[in-house]
Amino acid sequence: MFTTNVFRSIASRPRSSTKGPLDADDNPIASPTPSHAARFSVSQQASPRVGTPLARFSSPAPRSPAPSSAPVTSKDFSFLLRPEIFHQLSPLSVPAPFRNNLSRQPAPETPIPELLRLGHFRAAAIAAVQALTSSAGPTDHARIFELFYVRLACLCLINATPLAANESKALEDLNSAFYLDPLTGEHLVPWELRVLGVRLQAIGFGDPRRAVMSYYELAREARAHVARATSRKEGDHSAAELWKRRLKELGVKVAGALVEMDDLAGAAEHLATLGDGDKDASQQPFKEADGGDDGRLAMSRALLWLHLGDVEAARRSVSGGKEGETGEQIIDALADMADGEYSSALQKWKALGDAMEENGVHDEMVGVNLAVCLLYTGKMVEARDILEGLIDAGQSSHTLLFNLTTMYELCTDRHKNLKIQLAERMASEEPTPQGWEKTNADFKL
């Protein structure tokens with residue numbers, strides 16, 4: 001098939017040469033090249049469609065501890081501590097109610113872990129840069145990479161992905177031997193930063209194929225770790241399961257990268273190799289034969305199938321209890337919405353919401369999609385009431401705020417006042433790990 005041939009040529013493409021600190025064996029910053037990239041303002045993130053499944057905000061994931069050994073102290077990472085790498089964050093992207101609420105703003109000396117716990121992601125991103133450029137030692141690789149991960153992850157959480165992509169270029173080729181421990185051969189960069197860096201660098205360098213190639217390289221490494229863990233006499237089952245899970249996550253990320261490249265046919269073919277068929281292992285590089293399946297990954301595959309327009313494949317991804325009864329119901333309702341069957345989807349969301357409330361669970365994603373179905377069935381006032389009820393319950397995701405402000409635009413010409421009132425209302429809420437400070441894009445201001 002044509003798509004397959006193109007995909008294989010991408011995967012086998014040799015890595016382009018990298019110029020910069022990674023080329024030097026002894027002194028990686030002998031001749032640092034200053035960044036002449038002009039500072040640019042944060043471009044607003046593409047607004048999600050009404051009814052898009054909720055993407056929850058969360059604090060940066062815990063980092064894997066970086067391996068440490070004596071020889072790594074000789075590696076100089078000063079090229080990652082240069083102030084010109086990092087961009088200033090303009091406060092103008094934050095609505096005035098958040099900027100002016102001094103009682104909720106964190107103190108300058110607040111530690112980064114506390115900022116993350118309270119959802120002050122913008123402040124955490126700034127604090128990470130201050131630590132990198134002032135107190136981090138050039139040979140303290142564990143602290144440098146932890147701070148770099150906090151910086152990039154927090155920028156993504158505040159809708160500043162273009163800035164994160166530009167700053168991630170300073171890491172250059174994370175698969176380079178420069179980042180390996182010369183004694184043990186283990187990678188010095190935490191896995192989470194390496195995975196995050198793949199997509200950000202693909203954006204920053206303007207080369208989406210780079211993400212596919214990098215994910216395949218990470219997958220090859222993950223498979224090697226699985227083989228190593230299972231080949232030991234005692235068998236390190238916890239390590240093997242960890243790397244199997246990472247391998248399957250990479251498979252889903254490859255499909256997402258292909259979607260971002262607009263290679264929908266390639267993404268569909270790739271997703272098919274992640275299923276439960278009896279294909280040869282060589283055709284399933286992201287799956288271990290005895291690795292079982294993960295409910296969350298099954299749901300991720302189903303959502304990708306919906307994005308590709310194959311609702312039956314989405315339903316098959318969660319059939320047979322792979323994601324539990326609730327997962328099947330969610331995908332079934334979303335599939336009806338994808339087919340334009342809003343009345344049918346409405347009844348399914350109502351039934352699912354009632355069942356969850358009986359168990360004391362108030363799920364925001366269910367409420368948002370229920371409101372969208374009400375809107376498309378001509379019940380706008382009821383839909384608005386549901387979204388405002390979610391706000392009353394303490395929910396505040398970007399998806400919820402975007403849909404509610406869209407509802408304001410449909411209900412009245414004086415929607416700007418309603419948006420500002422909503423921003424003031426959110427600014428008065430207590431900080432939570434899901435994120436307190438919002439941006440103008442969240443309220444469509």
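Q: It is not clear to me how the overall build of the chain should be interpreted in this structure. Could you clarify?
A: Broken down by element type, the chain carries 18 helices and zero strands. The buried share among the 445 residues of the chain stands at 46%. Contacts spanning at least 24 positions in sequence make up 70% of the contacts within the chain whose residues lie at least 6 apart.

Q: Is there a simple way to explain the pattern of salt bridges in this structure?
A: For side chains of opposite charge, pairing can occur when their charged atoms come near one another. Tallying each qualifying case throughout the model produces 19 salt bridges. Linking Arg209 and Asp207 is a salt bridge whose minimum nitrogen-to-oxygen distance equals 3.7 Å. With its nearest N and O atoms 2.9 Å apart, the salt bridge here joins Glu409 to Lys444. Here the residue Glu409 occupies a position in helix α17 (residues 398-411), and Lys444 occupies one in the segment after α18 (415-427), the gap between them amounting to 35 residues. Assessed through its relative accessible area of 29%, Glu409 is described here as partly exposed. Judged by its relative accessible area of 28%, Lys444 falls in the partly exposed class. Residues joined by salt bridges that share partners form a network here, namely Glu312, Arg315, Asp332, Asp336 and Lys348.

Q: Teacher, can you tell me more about the state of the cysteines here?
A: Such a bond, covalent and formed between the sulfur atoms of two cysteines, is termed a disulfide. Applying the stated criterion across every chain yields a total of zero disulfides. For Cys156, which is in no disulfide, the shortest distance to another cysteine sulfur is to Cys154 and amounts to 9.2 Å. Given a relative accessible area of 22%, Cys156 falls into the partly exposed group.

Q: I would appreciate a short explanation of empty space enclosed by the protein in the present structure.
A: It is the rolling of a water-molecule-sized probe over the atoms that shows where space remains empty. Tallied over the entire structure, the rule returns two cavities of 30 Å³ or more. If you add up the space inside the largest cavity, you get close to 110 Å³. What lines the largest cavity is a set of 12 residues, and nearest its centre among them are Leu157, Ile158, Glu437, Lys438 and Asp442. Of the residues belonging to the lining of the largest cavity, the class tally is four nonpolar, five polar and three charged.

Q: Explanation requested: the side chain of His225 in the structure shown.
A: Take His225: it is sitting in helix α8 (residues 208-231). For His225, the contacting residues outside a window of four places in its chain are Glu186 and Trp243.

Q: I tried to follow the nonpolar core on my own but got confused; where do I start?
A: Within soluble globular proteins, side chains that are nonpolar generally end up buried alongside one another. Ranked by size, the top nonpolar core spans 72 residues in total, and within it Tyr215, Ile331, Trp349, Leu387 and Leu422 carry the most contacts. The contacts of Leu422, once residues within four sequence positions are left out, are Ile391, Leu401, Leu404, Thr405, Tyr408 and Phe443. Counting 43 residues, the second-largest nonpolar core is a separate cluster that includes Phe79, Leu89, Phe178 and Tyr179.

Q: Any chance you could explain the packing of aromatic side chains here in plain terms?
A: When we look at a pair of aromatic rings, we describe it by the centre distance and by the angle of the planes. Under the criterion given, the structure shown has 12 aromatic pairs. Ring centres of Phe77 and Phe145 lie 5.2 Å apart, and the angle between their planes is 75°; this geometry places the pair in the edge-to-face category. Here Phe77 is found in the loop between α1 (2-11) and α2 (96-100), whereas its partner Phe145 is found in helix α5 (residues 141-157), with 68 residues between them in sequence. A relative accessible area of 0% means that Phe145 is categorised as buried. Joined through ring pairs, the aromatic side chains of Phe77, Phe79, Phe145, Phe178 and Tyr179 make up one cluster. Lying over the aromatic face of Phe178, Lys75 brings its terminal NZ or CZ to 4.9 Å of the ring centre. Positioned above the aromatic ring of Phe402 is the side chain of Lys444, whose terminal nitrogen or guanidinium carbon lies 4.7 Å from the ring centre.

Q: Before we go on, may I ask you to explain the environment of Met261 in this structure?
A: By secondary structure assignment, the location of Met261 is in the loop between α9 (237-260) and α10 (264-272). Note on Met261: relative accessible area 22%, which makes it partly exposed. Taking the C-alpha atoms as reference, Met261 lies 9.9 Å from Ala211; in sequence the two are 50 residues apart.

Q: How should I be thinking about the confidence of the model for the chain in this particular structure?
A: Interpreting fine coordinate detail is not advised for predicted regions of low pLDDT. Mean pLDDT over the chain stands at 80; residues scoring 70 or higher make up 77%. Counting interchain partners and residues more than four positions distant, the pLDDT-below-50 stretch residues 276-283 has eight contacts.

Q: Even after reading the chapter, I still don't get the environment of Glu192, so can you show me in this structure?
A: Tracing the sequence through the fold places Glu192 in helix α7 (residues 191-204). Measuring from C-alpha to C-alpha, the distance between Glu192 and Ala153 comes to 9.8 Å, with 39 residues separating the pair along the chain.

Q: When you look at the environment of Gly389 in this model, what are you seeing that I'm missing?
A: Along the chain, Gly389 turns up in helix α16 (residues 380-392). In the structure, Gly389 is positioned 22 residues away from Gly367 in sequence and 9.1 Å away in space, judged by C-alpha atoms.

Procedures and definitions
- Residues numbered from 1 in each chain as written.
- Predicted model: local features only at pLDDT ≥ 70, side-chain atom pairs only at ≥ 80, totals over all residues.
- Heavy atoms only, no water.
- Helix = DSSP H or I, 4+ residues; strand = E, 2+ residues; numbered from the N terminus.
- Buried < 20%, exposed > 50% of the residue type's maximum accessible area, 1.4 Å probe, protein only.
- Contact = heavy atoms within 4.5 Å.
- Salt bridge = Lys/Arg side-chain N within 4 Å of Asp/Glu carboxyl O.
- Disulfide = S-S within 2.5 Å.
- 1 Å grid on protein atoms, 1.4 Å probe; cavity = no way out; pocket = protein on both sides within 12 Å on 5 of 7 lines; lining within 4 Å.
- Points joined across faces, edges and corners; volume = space filled by probe spheres on them.
- Nonpolar A, V, L, I, M, F, W, Y, C, P; charged D, E, K, R; others polar.
- Core = buried A, V, L, I, M, F, W, Y, C linked by side-chain atoms within 4.5 Å.
- Phe/Tyr/Trp six-rings, centres within 6.5 Å; stacked < 30°, edge-to-face > 60°.
- Lys NZ or Arg CZ within 6 Å of the ring centre and 35° of its normal.
- pLDDT = per-residue confidence, 0-100.

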